[in-house]
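Chain by chain, the residues run as shown.
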Amino acid sequence: MKNRSIKLCILILAFALALPAAAFAAVEPTPAPGPKPSAPNQSPSANLAASARSAILMDADSGTVIYEKNSHDKLPPASITKIMTLLLIMEALDDGKIKLSDKVQTSEYAASMGGSQIFLEPGEEMSVDDMIKGIALASGNDASVAMAEKLAGTEQQFVAMMNERARQLGMNDTQFSNPNGLPVANHFSSAHDIAVMSRELLKHSEVTKYTGLYQDYLRKSSEKPFWLVNTNKLVRFYSGADGLKTGYTSEAKYCLSATAKRDNMRVIAVVMGEPDTKTRNAEVSQMFDYTFAQYMNHSIIKEGESMGTLKIEKGVAPELPLVAKHAYSVLLKKGSQTKDIRYELKINGPLKAPVQIGQPIGKLVVYQGDQVLKEFDVDAPLSVERAGWWKLLKRSFSGLFA
């Protein structure tokens, strides 16, 4: 009995000693969580495009997103739509389907477009070169439809091409219903998708010869030359700016996909739903300033450099030289180490004809040591049709006796 009492006392004493510690543990404040890590290339303090409904800031070479705000919201893009129209025109030029000197005849339908226009008359002919100026500088709705009909036969067929190209580029927030951005049902995009197609357009470096112009003339040799003034005033007032496309409707408000280049670094800034042009231009300028102050590009492959040769089975051409049509680089914070950065080109095995321009054919993988820094999709630079049986037969015989 005595031993039982002693044990009971010891248990009560142990319980009493434990109570303060237990009580203290119950009320001890939980340490405040530290700041969540931001994306590797995004500063947590960046507060850009405050007045925009949505925005995105992207490095053009690598596609790295530096800053974004509601970037996947589906919104009316207004005339920024014309970036896809220009992209299809540039790809058709590269593929030899049209030439800059080709004449484009204006249909009554194309001439009937309202809004921004270059006042094309039904039956009027203008070169592809001048039509591009009319789209890039004056945001010509009439020129956009005229070029759509030139490339696809009808506006509806061209819109189908636009949506197919958007699908290929992974633009999942986008649906086009016309080539110029005039208000219509089921026509929308996002800041993210606009940056993606802007980046694709900028791979055709010659486009900035148009979008970077501040002014030019159409119908120069006529009695009434038409003065073009770029709707994007940043190309005149921001150092390094050379594009890309403005947009405005009462529903979309003031939109802009802008690009600027300094020290071999090109940036894309997209804002949608800005209240006025002054705010739009000021906020895009601030986005550019932020990027050029904080970041640098490390070059991997320069534009025009050889990337190897692509073998094509049963094609009109048995192989296709791969030349970098644009620069490849990685985005780094200023002051970052660049040693041990290398790349490998990985092709998706042998390709069989036909091969379409823009078709994914492999990846360019950039490493620093064993760490993957960036992967770039590599696309076919040209279309290659399937060879006829006679050409393939001759090629087989020549291979036997080579």
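Residues numbered from 1 in each chain as written. Predicted model: local features only at pLDDT ≥ 70, side-chain atom pairs only at ≥ 80, totals over all residues. Heavy atoms only, no water.

A. Region of the structure containing the packing of helix α2 (residues 82-94) against helix α4 (residues 128-136). Following both chains from N to C, one finds α2 and α4 inclined at 160°, their axes separated by 11 Å at the closest point. With respect to α4, the axis of α2 lies roughly antiparallel. As α2 packs across α4, the resulting crossing turns out to be left-handed. Contacts between α2 and α4 involve K82, L86, I89, M90 and L93 from the first element and V128, I132 and I135 from the second. (Axes fitted to C-alpha atoms, helices over the stretch in contact; angles between N-to-C directions. Helix = DSSP H or I, 4+ residues; strand = E, 2+ residues; numbered from the N terminus. Parallel < 35°, antiparallel > 145°, perpendicular 65-115°, else oblique. Left-handed = near helix turned anticlockwise from the far one by under 90°. Contact = heavy atoms within 4.5 Å.)

B. Geometry of the nonpolar core. Counting 58 residues, the largest nonpolar core has M84 and M197 as its most contacted members. Looking at this core, the elements that each hand over two or more residues are β1 (54-59), α2, α4, α5 (141-152), α6 (155-168), α7 (191-202) and β9 (265-274). Element by element, the count of residues in this core is highest for α2, at nine residues. What M197 contacts, discounting residues up to four positions off in sequence, is I80, I83, M84, L169, M171 and F176. If you look at the next biggest cluster of nonpolar residues, it comprises 25 residues, including Y238, M265, M287 and Y290. (Core = buried A, V, L, I, M, F, W, Y, C linked by side-chain atoms within 4.5 Å. Buried < 20%, exposed > 50% of the residue type's maximum accessible area, 1.4 Å probe, protein only.)

C. Examining the environment of L256 more closely. Relative to the assigned elements, L256 resides in strand β8 (residues 253-262). L256 sits in the buried class, given a relative accessible area of 0%. In the structure, L256 is positioned eleven residues away from K245 in sequence and 5.9 Å away in space, judged by C-alpha atoms. In this structure, L256 is in contact with I80, N232, L234, K245, T246, A269, V270, V271, R280, N281 and V284, ignoring residues within four places of it in sequence.

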